[in-house]
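Observations on the three-dimensional arrangement
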Amino acid sequence: MTHPCARPPRFRSTVRRAVATILAAAALPTALACGGPADTTRSPERPRSATSAPASPVARAEEPGRTAGPSSASPASASPAQASPSGSPAGGNFPALSGEVVRKLDGALEDTLKRTGVPGVSVGLWAAGKGSYVRALGVADRKSKARMSPDLYMRIGSETKTFTVTALLTLVDQRKVRLDDPVSRYVDGVPGGDGITLRQLAEMRSGLYNYTDDPNFQKALKADPEREFVPAELLAYAFQHPSPSGPGSRFQYSNTNTVLLGLVIEKASGLPFGDYLQRNVLDPAKLKHTVLPAGRAFPNPHARGYTRQTKDGKEADATNWNPSWAWAAGAMISDQQDLRAWARVVADGTLLAKATQAQRTTFLPTSYPGIGYGLGLFDNHGWVGHNGSLPGYQSTAVYLPAAKATMVVLLNTDTAVGGSEPSSLFAEAITKIVTPDHVYAFPPTNGTGTSPSSS
């Protein structure tokens, strides 16, 4: 089904018109391409179908100007020829999740909650033969004081990238696309598109400017965070800038890459992105509480999200902000149990051919020690998956293969603490206890950069 905001057939002319409009408007917010759909809700018991959001962009993890990626700041450069930085995790000493370990985890979560000041957080930890640990602390709603719960829907930001790239790789397995195809074969108007491959888009090495770093985009989003964006507008913000680096030369987290992959999926499949995602990724993975929303739609029950990514820097309720600006890079919604299942599916390659998954998990180094990035997922000291962040919410969903362990962290703010994403601080505190040889960690940033989780 075609969304009312679907782009016209000639995408190149659409992008050019959008660029011209942005340049003419200078610092003024761009005009709304089309109104966002009315907010709708669905009950958690009911399987939802991912409606094809117009061009609902990104999935980053922190400020609107940050890029989506693993988590706290965007890695800079690294030689593409090197292999995964973390090597094969040992994981054999994962402790039983009971007794003293549970007491230590409870204490670490309480301490991190106080230190970060986040409204609420839910945490899940599961390991084969070792039990499970599920906790929810703080509040889901500052006003009503409703408690946080592991059963709530949450916006997941750049975790969306794992779904988008999985969808792309199913097309590889269907032989409808090849990873070394140039993006220009599927999308017109990409600067240097003849020399940028789908592989480079998925591994964050295209060199294309990240549209969420553009000051005019940030102004437009903060001026009206409930407005609808379409992909052509998002790409226009990026394409008016020169590429910071050449294709394949270094790792550079950019939401532009994943928005382009959403368009590639539409072109190659002949379906709206959300419809293809539902049929070929969400349904086969049996994820009934994961959706690409249309506009501001947010299934019930959900936590309210809080952000300081506002015009005046004061905290605001971002629950009903429109995530269309993140679209294929970070607009999706899920819950703890679906992300528990998904973390293993994406790390094991359940939906993909073995050869395709082997390419996906070739983790090239980033500027972060111990962290590599593959095709739409990272290896953080042995934990494989992704994180996400966008105004009001953050997520981490990762899997440690050798221990068959899964960790999911969801919280309802994206406000950084000392330059670090709070979701990463919770994940670090947990892994220091259960996997001291594989501590999930991103170094602090200057507060303006992003990591692979940012949308």
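Residues numbered from 1 in each chain as written. Predicted model: local features only at pLDDT ≥ 70, side-chain atom pairs only at ≥ 80, totals over all residues. Heavy atoms only, no water.

1. Some details on the environment of Phe298
What counts here: Secondary structure elements are defined from DSSP: runs of H or I of at least 4 residues count as helices, runs of E of at least 2 residues count as strands, and each element is numbered from the N terminus.
Topologically, Phe298 is positioned in the loop between helix 8 (273-282) and strand 4 (306-307). Separated by 21 residues in the primary sequence, Phe298 and Thr319 have C-alpha atoms spaced 8.5 Å apart.

2. A word on the nonpolar core
General note: in soluble globular proteins, nonpolar side chains tend to be found buried as a group. Just so we agree on the cut-off: What we call a nonpolar core is a set of buried Ala, Val, Leu, Ile, Met, Phe, Trp, Tyr and Cys residues that are connected through their side-chain atoms within 4.5 Å. Exposure classes here rest on a 1.4 Å probe applied to the protein chains alone. A residue is buried below 20% of its type maximum, exposed above 50%, and partly exposed in between. In what follows, a contact means two residues having at least one pair of non-hydrogen atoms within 4.5 Å.
Counting residues in each nonpolar core, the largest one holds 79 residues, and the members touching the most others are Phe163, Leu198, Leu277 and Trp325. If near-sequence neighbours (up to four positions away) are discounted, Leu277 is found in contact with Phe163, Ala167, Leu282, Leu292 and Met332.

3. Examining the side chain of Glu233
Applicable threshold: Contacts described as polar in this section are N or O atom pairs within 3.5 Å, which, within protein, must combine one atom able to donate a hydrogen with one able to accept it, while residues neighboring in sequence count only if both atoms come from side chains.
Along the chain, Glu233 turns up in helix 6 (residues 231-239). Given the relative accessible area of 9%, Glu233 is considered buried. Side-chain polar atoms of Glu233 contact the side chain of Arg227, separated by 2.6 Å.

4. Some words on the sheet that holds strand 10 (residues 383-390)
Strand pairs in the sheet, formed through backbone hydrogen bonds, run parallel or antiparallel to each other. The condition is simple: A pair of strands is labelled paired if DSSP reports no fewer than 2 bridges between them. Each axis is a line fitted through C-alpha atoms, and for a helix only the stretch in contact is used; angles between axes span 0 to 180 degrees, taken between their N-to-C directions.
Judged by pairing direction, the sheet is antiparallel, and its eight strands sit side by side in the order 2-1-12-11-10-9-8-7 without closing on themselves. The sheet terminates laterally at strand 2 (131-138) and strand 7 (364-365), the two strands that pair on one side only. Sheet topology note: the strand 1 (residues 120-127)/strand 12 (residues 405-411) ladder contains seven bridges and is antiparallel. Counted as the bridge partner of Val123 is Val409 from strand 12. Set on the sheet, helix 2 (residues 99-116) makes contact with strand 1 and strand 2; between it and strand 2 the angle comes to about 25°.

5. Observations concerning unusual backbone geometry
The step from Asn300 to Pro301 runs through a cis peptide bond, and the omega angle for that step is -5°. Among the structural elements, Pro301 can be located in the loop between helix 8 and strand 4. Of note, the phi angle at Met204 is positive, near 65°, even though the residue is not glycine. Examined against the element boundaries, Met204 turns out to sit in the loop between helix 4 (198-202) and helix 5 (215-223). Here Met204 falls in the buried class, since its relative accessible area comes to 1%.

6. Focus on the confidence of the model for the protein
Using the following cut-off: Scored from 0 to 100, pLDDT records how confident the predictor is in each individual residue.
When pLDDT is averaged along the protein, the result is 84, and 78% of the positions lie at 70 or above. Throughout residues 19-90 the model reports pLDDT below 50, and contacts reaching past four residues in sequence, or to other chains, amount to 343 contacts.

7. Considering the pattern of salt bridges
Under the convention used in this document: For this document, the term salt bridge refers to a Lys or Arg side-chain nitrogen within 4 Å of an Asp or Glu carboxyl oxygen.
A complete count under the given rule lists ten salt bridges for this structure. The partner of Arg199 in a salt bridge is Asp180, with the nearest N and O atoms 3.0 Å apart. Pair noted here: Arg199 is in helix 4 and Asp180 is in the loop between helix 3 (160-173) and helix 4, with a separation of 19 residues, a long-range link. The partner of Arg344 in a salt bridge is Asp348, and the shortest N-O contact between them spans 3.0 Å. Of this pair, Arg344 and Asp348 both sit in helix 10 (residues 336-348), separated by four residues, roughly a single helical turn. The exposure class of Asp348 is partly exposed, given its relative accessible area of 38%. Where salt bridges share partners, they join Arg178, Asp181 and Arg185 into one cluster.

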